[in-house]
Amino acid sequence: MARSAAWFLLAGTVLLSVCGQLLLKWQVTRVGGVSPGDPRGLVFLVGRLLFNPWIIAGLGSAFIASLLWMLALTKLDLSEAYPYTALSFVLILLTSYFLFGEPLTMGKVMGTGLVIAGIFVLAMTSN
């Protein structure tokens, strides 16, 4: 496998990780919560979630992302590849705003901007 293919695997890792998180959030929000003092309700909730096809798809997405990650690391240094996984912060911030109506605060935007700046610096200084 060429190094260029490893970068595509890395991109797949990030995208599948984000997809998995979005699926989990979507379904957990639909199921609702349980009161902290209700262990029976908690067991029922977890059971409902574990057999939910969308939850299974979200967990499967994370598993496939892990497989792609391992393949990418066969050609990329960990210290070179790992910072790019921080792109998930950017994608989650934007998609959670648009899909779930989560607040987009100045702190979140500034923090995400710092993450992007850090990735840029690392990319410019990589061998």
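Owing to the predicted nature of the structure, the values given are computational and were not obtained by experimental measurement.

Q: Break down the packing of helix H1 (residues 3-31) against helix H2 (residues 39-50) for me, citing the residues and quoting the values.
A: Packing of H1 against H2 leaves a shortest axis separation of 11 Å and a crossing angle of 135 degrees. Viewed along their axes, H1 and H2 adopt a mutual orientation that is oblique. Classified by chirality, the crossing of H2 by H1 is right-handed. Counting all contacts with H1, which are made through Gln27, Val28 and Val31, the residues of H2 involved are Leu45, Arg48 and Leu49.

Q: Now, about H1: what can you tell me, with residues and values included?
A: Over its 29 residues, H1 runs 42 Å from end to end, which matches the ideal 42 Å to within 8%, given 1.5 Å per residue. Remark: glycine 32 follows H1 within two positions and exhibits a positive phi of approximately 95 degrees.

Q: Just give me the short version of the side chain of serine 61, but keep the residues and values in it.
A: Checked against the element boundaries, serine 61 lands in helix H3 (residues 53-73). Those residues in contact with serine 61, other than ones at most four positions away along the chain, are Leu16, Cys19 and Gly20.

Q: Describe the packing of aromatic side chains, listing the residues and the values that go with them.
A: In this structure the tally under the stated criterion is four aromatic pairs. Judged by centre distance (4.9 Å) and plane angle (65 degrees), the ring pair of tryptophan 26 and tryptophan 54 falls under edge-to-face. A residue pair is termed long-range when its members are at least 10 positions apart, and tryptophan 26 in helix H1 and tryptophan 54 in helix H3 qualify at 28 residues. Residue tryptophan 26 is classed as partly exposed on the basis of its relative accessible area of 30%. Of the residues examined, tryptophan 54 reaches a relative accessible area of 42% and is grouped as partly exposed. Aromatic pair tyrosine 97 and phenylalanine 98: ring centres 4.9 Å apart, planes at 75 degrees, arrangement edge-to-face.

Here is what the cut-offs are and how they apply
Residues numbered from 1 in each chain as written. Predicted model: local features only at pLDDT ≥ 70, side-chain atom pairs only at ≥ 80, totals over all residues. Heavy atoms only, no water. Axes fitted to C-alpha atoms, helices over the stretch in contact; angles between N-to-C directions. Helix = DSSP H or I, 4+ residues; strand = E, 2+ residues; numbered from the N terminus. Parallel < 35°, antiparallel > 145°, perpendicular 65-115°, else oblique. Left-handed = near helix turned anticlockwise from the far one by under 90°. Contact = heavy atoms within 4.5 Å. Expected span 1.5 Å × (residues − 1). Phe/Tyr/Trp six-rings, centres within 6.5 Å; stacked < 30°, edge-to-face > 60°. Buried < 20%, exposed > 50% of the residue type's maximum accessible area, 1.4 Å probe, protein only.

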